[in-house]
Amino acid sequence: MKRLFTLVAVVLAVLVSLCAYGNTALIGCFNSHGAEEAVLVFPCADDGNPNTTEVSESPTQGVEAVDLGLSVKWASCNIGATKPEEFGDYFAWGEVSPKKEYSVENSLTYAKDLEDISGDPQYDAATANWGGDWRMPTLAEYKELLEKCSWKWIKLNGVRGMRAKGPNGNTIFFPAAGAIKCFSSIYTSPYGKYWTSTSCNIHENSACVFGFAHKMLVEDSDERYCGRTIRPVLD
């Protein structure tokens, strides 16, 4: 019985110490490749640590539909984020869930004949995750954003990115979230590329993106398997 009480005391001490790292207690483990993973144990009381992120029950908590004076309203942050400066989640084009690795082999839309996926919950991550009338922006809507807004390279709460100011004076911020290419490494050099819902005419393995690098705005294409961020729109 004494040993049992000792064991319980040790476990509780470990779990309490783990709470200091956020609002959940985690136990580390390793997968078959030797990479460290984390297994959720149970929620802990919030200790006021400013580095912790509260898990939102609503996928659109903290999100605003910003009227820039354009044909659509733009979300104030990316899918998976609750603040404009947060990167959010990364998606392969035409897929509705983030994943651990991004490759041609596990792409669900590579070589598929798809023209535009905006509003299709099977392929549109905005519609599938946020629901309602939220959807991915088309290439034409990004072009409107590029041409009718004024742009400025700024830092928002320490995060670099581009601020778009609409004809009516309202603004939104695009963090330079980089991308995920091959496996799970996030490249966060000062650039960002955001998926559009539009497939490219070049070949059926690519899709159109809106991007920027060191203050320069670009319209580009990228391989569908790459992990990119998404900024939804609302009609």
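Here the residue numbers are simple positions, counted from 1 along each chain's written sequence. Only residues with pLDDT of at least 70 get local features here, since the model is predicted, and only at 80 or more are side-chain atom pairs given and counted; chain-wide, interface and lining totals rely on the full set of residues. Note: side-chain values were computed over all heavy atoms of the structure, leaving out hydrogens and water.

Novice: I'm lost on the nonpolar core in this one. Help?
Specialist: When a protein is soluble and globular, its nonpolar side chains tend to lie buried together. Ile-79, Trp-93, Met-136, Trp-195 and Ile-230 are the most contacted members of the largest nonpolar core, which totals 22 residues. Numbering of helices and strands runs from the N terminus; a helix is a DSSP stretch of H or I covering at least four residues, while a strand is a stretch of E covering at least two. Elements with a contribution of two residues or more to this core: α2 (125-130) and β11 (206-213). When residues in this core are grouped by element, the largest group, three residues, is from α2. When neighbours within four sequence positions are excluded, Met-136 is seen to be in contact with Trp-93, Ile-117, Ser-118, Asp-124, Ala-125, Ala-126, Glu-141, Trp-195, Thr-196, Ser-197, Ile-230 and Val-233. In this description, a nonpolar core means a group of buried Ala, Val, Leu, Ile, Met, Phe, Trp, Tyr and Cys residues linked to one another through side-chain atoms lying within 4.5 Å. The buried label applies to any residue whose accessible area, calculated with a 1.4 Å probe on protein chains only, is under 20% of its type's maximum; exposed applies above 50%, and partly exposed to all values in between. In what follows, a contact means two residues having at least one pair of non-hydrogen atoms within 4.5 Å.

Novice: Looking at this structure, how should I read the environment of Ala-140?
Specialist: Along the chain, Ala-140 turns up in helix α3 (residues 139-148). C-alpha of Ala-140 to C-alpha of Thr-198: the two residues are 58 residues apart in sequence and 8.8 Å apart in space.

Novice: What am I meant to see in the environment of Ser-150 here?
Specialist: One can find Ser-150 in strand β5 (residues 150-156). Residue class for Ser-150 comes out partly exposed when judged on its relative accessible area of 42%. Sequence separation between Ser-150 and Ala-164 is 14 residues, and the spatial gap between their C-alpha atoms is 5.8 Å. Ignoring anything within four residues of it in the chain, the contact list for Ser-150 reads Arg-163, Ala-164 and Lys-165.

Novice: What is the right way to look at the sheet that holds strand β3 (residues 65-66) in this model?
Specialist: Working definition: the strands of a sheet are paired by backbone hydrogen bonds and lie parallel or antiparallel to each other. Each pair of strands is called paired provided DSSP finds at least two bridges between the two strands. The three strands lie next to each other as β3-β4-β13, forming an open sheet whose pairing is antiparallel. Across the chains shown, the open sheet's two edge strands, defined by having one partner strand only, are β3 and β13 (233-234). In this sheet, β13 lies alongside strand β4 (residues 73-75) in antiparallel orientation, the contact comprising two bridges. Counterpart to Trp-74 in the pairing with β13 is Val-233.

Novice: What is the right way to read the packing of aromatic side chains from this model?
Specialist: Each aromatic ring pair is specified by the distance between its two centres and by the angle formed by the two planes. For Phe, Tyr and Trp, rings pair up if their centres lie within 6.5 Å, where Trp contributes its six-membered ring, and each pair is then called stacked (planes under 30 degrees apart), edge-to-face (over 60) or tilted (otherwise). Applying the stated rule across the entire model yields 13 aromatic pairs. Aromatic pair Phe-174 and Phe-210: ring centres 5.4 Å apart, planes at 65 degrees, arrangement edge-to-face. Of this pair, Phe-174 sits in strand β7 (residues 171-175) while Phe-210 sits in strand β11, and the two are 36 residues apart along the sequence. Through a chain of ring-to-ring contacts, three or more aromatic side chains come together here, namely Trp-74, Tyr-142, Trp-151, Trp-153, Phe-174, Tyr-194, Phe-210 and Phe-212.

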